[in-house]
2 protein chains.
Amino acid sequence: MYYPEPISRLMESYMKLPGIGEKTAARLAFYTINMKEEDVTDFAKNLVSVKRDLKYCSNCGNITESDPCSICSDMNRDQSTILVVEQPKDVIALEKMQDYQGLYHVLNGVLSPIEGTGPEDINIPTLLKRLQNEEVEEVIVATNANVEGEATATYLSRLIKPAQIRVSRLAHGLSVGSDIEYADEVTLLKAVQGRTEM
Amino acid sequence: MYYPEPISRLMESYMKLPGIGEKTAARLAFYTINMKEEDVTDFAKNLVSVKRDLKYCSNCGNITESDPCSICSDMNRDQSTILVVEQPKDVIALEKMQDYQGLYHVLNGVLSPIEGTGPEDINIPTLLKRLQNEEVEEVIVATNANVEGEATATYLSRLIKPAQIRVSRLAHGLSVGSDIEYADEVTLLKAVQGRTEM
């Protein structure tokens, strides 16, 4: 209406991103006009590339350029441990830690009766297939500590334990560097319950 | 490093936008992966389009698809009044008010000795040419109410007044220190109606 057509169209695209409303979209669109030509064409190419060049690893469900992904095809990693996460982002956070040497399995979702997400809708069948075919000794469940994450963890534990595979859950407690006075009750409860001998 | 190449490249592009750091860029990049194919290709096209299809109006300096722009070529508008603003965004804010019927002149900047921006660096010479060639009776200076904006207004006033053209400034219905683009329509209307002789 008031904006030239190319600007309003770009604003609409920006507004499809999470947390970006009309005012921010306008600010970004006008900013884009004054960006370097090269940066803008790169931006456009990178957008297309992220949809075109990325796929899900057929083994672990992580996002990857090559299938199987670099982690699944790395024979130096501990093949007997699988760490289960909700999203590809979680793998990145855990890899930044530079300590875990096992494999991953990305559910790409979480069990949620309210949203109608059942075990078949997320990567649980492929996980079970891996447990049958690979020599897995331990499954570490690292779903988030909320209702859906806990429910998914419990579901997986009940499913996997009968196969004589160890199932563990990431420790919950105080984050390093945080103060006790600012911790919420549930975190404190978990910290006390999971206390370790000194 | 930890991110697949296409994701880290897209993150770099997002981080070129104002106010977007690494965490937000990662969030947006992962969100983009799950966006509809069509929305992402449209986004890419709109980015390129905003650089390719927009130019500056050779008459008023506003951003436009066609030169001269739709406002300059609209003969129903009052040709005797020119409202001077800093940026194309300001024109949009003023047009939203749906009251002003005159023409515009976009400086695309503001006088700033600190940043070394002089009269020749912004669209002041083209404004003076318009004042010589067109039958202009009044120039309304609507630069922002900050140091540079006020200095630019004073400079223009001294330059234009000797040519027997009325120079006015938006009334300070606008709160001092705020930008025109963020003002609401009613405040802008009051500001135009209450403009004062310089």
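On a predicted model such as this, the values are computed, not experimentally measured, just so you know.

Colleague: For this particular structure, what's the right way to read the interface of chain A and chain B?
Modeller: The accessible area lost on association of the parts is a frequent measure of interface size. On the chain B side, the residues contacting the 47 residues of chain A number 47 residues. Together chain A and chain B conceal approximately 4,900 Å² of surface at their shared face, both sides included; 70% is due to carbon and sulfur atoms. Together, Y2, L47 and K51 of chain A form the three largest contributors to the area buried by chain A at its contact with chain B, with a combined 14%. Our count for the contact surface shared by chain A and chain B stands at two salt bridges. Of the charged contacts in the structure, one is a salt bridge between D39 of chain A and K16 of chain B, with a shortest N-O distance of 3.6 Å. When residues of the side of chain A that touches chain B are traced back to their parent elements, those giving at least two are α1 (5–15), α2 (22–33), α3 (37–52) and α4 (88–96) of chain A. Tallying contributions element by element places α3 of chain A first for the side of chain A that touches chain B, with 12 residues. Class assignment for the residues of the side of chain A that touches chain B results in 25 nonpolar, six polar and 16 charged.

Colleague: What is the right way to look at the pairing of strand β5 (residues 138–141) of chain A in this model?
Modeller: Each regular strand displays side chains that alternate between the two surfaces of the sheet. All names here are of chain A. Along β5, one buried face is formed by E138 and I140 and the opposite face, lined by V139 and V141, is buried too. Where β5 and strand β6 (residues 166–169) come together, four bridges link them in parallel fashion. In the strand pairing of β6, I140 is matched with S168. As a crossover connection, the stretch from β5 through helix α6 (residues 147–160) into β6 is right-handed.

Colleague: Please explain the packing of aromatic side chains as it appears in this structure.
Modeller: By convention here, two paired aromatic rings are described through the distance between centres and the angle between planes. Within this structure, the stated rule accounts for seven aromatic pairs over all chains. An aromatic cluster of at least three residues, connected via ring pairs, comprises Y14 and F43 of chain A together with Y14 and F43 of chain B.

Colleague: Teacher, can you tell me more about the sheet that holds strand β3 (residues 78–85) of chain B here?
Modeller: All names here are of chain B. Pairing is mixed in the open sheet, where five strands are placed in the order β4-β3-β5-β6-β7. Taken across any chain shown, the strands that pair with only one partner, and hence form the sheet edges, are β4 (102–106) and β7 (196–197). Sheet strands in contact with helix α4 (residues 88–96) are β3 and β4, and its direction is about 155° off that of β4.

Colleague: So what exactly am I meant to see when it comes to the packing of helix α5 (residues 124–133) of chain B against helix α6 (residues 147–160) of chain B here?
Modeller: Geometry of a packed helix pair, given as the angle between the helix axes and the separation of the axes. Residue and element names in this part refer to chain B. At a closest axis distance of 12 Å, the pairing of α5 and α6 adopts a crossing angle of 30°. Between α5 and α6 lies a crossing whose hand is right-handed. Taken together, the residues of α6 that come into contact with α5 (itself represented by I124, L127, L128 and L131) are Y155, L156, L159 and I160. Looking at the contact of α5 with α6 residue by residue, the class counts come to eight nonpolar, no polar and no charged.

Colleague: What am I meant to see in the pattern of salt bridges here?
Modeller: Oppositely charged side chains can pair when the atoms bearing their charge come close. Across all of its chains, the model carries 16 salt bridges over all chains by this definition. Here E150 of chain A makes a salt bridge to R169 of chain A, at a shortest N to O gap of 3.5 Å. Taken together, the residues E150 of chain A in helix α6 and R169 of chain A in strand β6 connect sequence positions 19 residues apart. Members of the salt-bridge network, linked through shared partners, are E138, R166 and R195 of chain B.

The rules we used
- Residues numbered from 1 in each chain as written.
- Chains lettered and ligands numbered in written order.
- Predicted model: local features only at pLDDT ≥ 70, side-chain atom pairs only at ≥ 80, totals over all residues.
- Heavy atoms only, no water.
- Contact = heavy atoms within 4.5 Å.
- Buried area = accessible area lost by both parts, 1.4 Å probe.
- Salt bridge = Lys/Arg side-chain N within 4 Å of Asp/Glu carboxyl O.
- Helix = DSSP H or I, 4+ residues; strand = E, 2+ residues; numbered from the N terminus.
- Nonpolar A, V, L, I, M, F, W, Y, C, P; charged D, E, K, R; others polar.
- Buried < 20%, exposed > 50% of the residue type's maximum accessible area, 1.4 Å probe, protein only.
- Pairing = 2+ DSSP bridges.
- Right-handed = clockwise from strand over helix to strand, strands pointing away.
- Phe/Tyr/Trp six-rings, centres within 6.5 Å; stacked < 30°, edge-to-face > 60°.
- Axes fitted to C-alpha atoms, helices over the stretch in contact; angles between N-to-C directions.
- Left-handed = near helix turned anticlockwise from the far one by under 90°.

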